[in-house]
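# Working through the structure, step by step
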Amino acid sequence: MALVRKIIGQSTVDGLGNRTAIFLQGCNIRCAYCHNPETQAMHDAEATEMSVTQVLDEVRKGIPFIRGITVSGGECMLQAEWLAELFAAVQNLSDECGHSLSCLIDSNGTIPFARYPQLMAHCNGVMLDVKAWDTAVYNRLTQASSNQTVKENLVWLLEHDLLTEVRIVCLPDRVDVETILRNIADIFASIGKKSPVRLLRFRPHGVVGELAEHPMPTEKEMSDYAAFAQSLNLEVTVK
Ligand code: SF4
């Protein structure tokens, strides 16, 4: 069983194409800019314990309109064993319905993917949040002590052709966006593979705490980040 916060039957903003998006309850890093703070607690009265079969019933409703599922959170890798069962079941569902359904993970990258070969064998890709590069910046932004595992996951996913997208929330003065971009460009070059990079504009909607009133980055700041990413030969989109 997994603790599920919500399921969106058809979403176009959670990976490639139209997808069923499943949001699991519980997160381990408590980002200052989290716009889904209700998903952070490991237990919450609004979340529902669901079996793989129950979630599969929800996924079935979307066929044939969906290209697959995306599991997000909170941090869905905190329930990795359940996720492995779900992905295997969705793959069986693909056989049953005659068109392939892909399984994507949206993750903060704090749990090593290499630790879950069974899950990754059924996973078609990961959208990886890189929240900061410098550890001190990461520590100020989250309640995690280190981002070393995020960096190791970036390399591992790239090497295994499972890095669907790198996501960076842009918040000038708080996030070292240029440093992240420079380092991922270096990693892409050294491995000889790359993935798209999505620059997400910080939005205060839903945010609680000190950043609740913080202004969004300007159009100019976002286009400067995009231009910098392009100068590093990164394939970048801004949202
Ligand atoms: S990783 Fe995502 S869900 Fe968790 S605290 Fe950060 S923004 Fe919120």
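A brief report on the enclosed structure follows. Every chain begins its residue count from 1, and numbering advances along the sequence as written. For a predicted model such as this one, the threshold for reporting local features is a pLDDT of at least 70, and the threshold for listing and counting side-chain atom pairs is 80 or more; totals across whole chains, interfaces and linings nevertheless cover every residue. To obtain the side-chain values, all non-hydrogen atoms of the structure were used and water was disregarded.

## Some details on the pairing of strand β2 (residues 19-24)
Our working rule: The buried label goes to any residue with under 20% of its type's maximum accessible area, the exposed label to any with over 50%, and the partly exposed label to all in between, with areas taken from a 1.4 Å probe on protein chains only. Secondary structure elements are taken from DSSP: a helix is a run of H or I of four residues or more, a strand is a run of E of two residues or more, and numbering for both begins at the N terminus. Being paired, for any two strands, means DSSP has found at least two bridges between them.
Most of β2 is tucked away: 6 of the 6 residues are buried. Of the two faces of β2, the one holding Arg19, Ala21 and Phe23 and the one holding Thr20, Ile22 and Leu24 are both buried throughout. In this sheet, β2 lies alongside strand β1 (residues 2-11) in antiparallel orientation, the contact comprising 5 bridges. Pairing of isoleucine 8 across the sheet is with alanine 21, part of β2. In this sheet, strand β4 (residues 68-72) lies alongside β2 in parallel orientation, the contact comprising 5 bridges. For phenylalanine 23, the partnering residue across the bridge sits in β4 and is serine 72.

## A look at helix α6 (residues 177-191)
Keep this limit in mind: Expected helix span is taken as 1.5 Å per residue step, with the number of steps being one fewer than the number of residues. The directions considered for the arc are those from the helix axis to the C-beta atoms. The contact definition used throughout considers only heavy atoms, calling two residues in contact when any of these lie within 4.5 Å.
Between its first and last C-alpha atoms α6 spans 21 Å; for 15 residues at 1.5 Å apiece the expected length is 21 Å, and the two agree. Taken residue by residue, α6 has Val177, Ile180, Leu181, Ile184, Ala185, Ile187 and Phe188 as its buried positions. Along α6, the residues classed as buried sweep out an arc of 165 degrees about the axis, all on the same side. When the buried face of α6 is taken as reference, the exposed residues oriented beyond 90 degrees from it are Ala189 and Ser190. Considering only its buried residues, α6 is in contact with α5 (148-159), β7 (163-170), β8 (197-201) and α7 (219-231). The positive-phi residue at the C-terminal boundary of α6 is glycine 192, with phi of around 80 degrees.

## Digging into the layout of surface pockets
What counts here: Using a 1 Å grid laid over the protein atoms alone, points where a 1.4 Å probe fits but cannot get out form a cavity; open sets with protein on both sides within 12 Å along at least 5 of 7 lines form a pocket; any residue with an atom within 4 Å of a point counts as lining. Grid points are joined across faces, edges and corners, and a volume is the space filled by probe spheres set on the points. When residues are sorted by character, Ala, Val, Leu, Ile, Met, Phe, Trp, Tyr, Cys and Pro go into the nonpolar class, Asp, Glu, Lys and Arg into the charged class, and all the rest, Gly among them, into the polar class.
Approximately 960 Å³ is the volume attributed to the largest pocket. As for the largest pocket, its lining consists of 33 residues, and the residues nearest its centre are His35, Asn36, Asp106, Arg167 and Leu200. Here the lining of the largest pocket is built from residues that sort into 11 nonpolar, 11 polar and 11 charged. Of the volumes computed, that of the second largest pocket is approximately 270 Å³. The wall of the second largest pocket is formed by 15 residues, among which Gly15, Leu16, Thr164, Glu165 and Arg198 lie closest to the centre. Ranked by residues supplied to the lining of the second largest pocket, first place goes to β7 with 3 residues. Of the residues belonging to the lining of the second largest pocket, the class tally is 5 nonpolar, 5 polar and 5 charged.

## A look at the nonpolar core
As a reminder, the rule being used: Throughout this description, the term nonpolar core refers to a set of buried Ala, Val, Leu, Ile, Met, Phe, Trp, Tyr and Cys residues connected via side-chain atoms within 4.5 Å.
In terms of nonpolar packing, the biggest core is built from 80 residues, with Leu86, Phe87, Ile105, Leu119, Ile168, Ile184 and Leu199 touching the most fellow members. A per-element tally of this core places helix α2 (residues 80-97) first, with 9 residues. Apart from residues lying up to four places away in sequence, phenylalanine 87 is in contact with Ile69, Val71, Cys103, Leu104, Ile105, Leu119, His122 and Cys123.

## What to know about the packing of α5 against α6
Short version of the rule: For helices, the axis comes from a line fit to the C-alpha atoms of the stretch in contact; other axes are also lines fit to C-alpha atoms, and the angle between any two N-to-C directions lies between 0 and 180 degrees. Each helix crossing is assigned a hand: it is left-handed if the near helix lies turned anticlockwise from the far helix by less than a right angle, otherwise right-handed if that turn is clockwise.
Close contact between α5 and α6 brings their axes to 11 Å; oriented N to C, the two are set at 35 degrees. Two packed elements cross with a definite hand, and for α5 against α6 that hand is right-handed. Where α5 abuts α6, its residues Leu154, Val155, Leu158 and Glu159 lie against Ile184, Ile187, Phe188 and Ile191. Split by residue class, the contact of α5 with α6 holds 7 nonpolar, no polar and 1 charged.

## Concerning the environment of alanine 136
Its location among the elements puts alanine 136 in helix α4 (residues 135-141). Sequence-wise, alanine 136 and serine 146 are 10 residues apart; in three dimensions their C-alpha atoms are separated by 8.6 Å.

## Side note on the environment of threonine 237
Here threonine 237 shows up in strand β9 (residues 236-238). A relative accessible area of 39% places threonine 237 in the partly exposed class. Distance in space between the C-alpha atoms of threonine 237 and aspartate 161 is 20 Å, their sequence separation being 76 residues. Residue contacts for threonine 237: discarding those within four places in its chain leaves Val197, Arg198 and Leu199.

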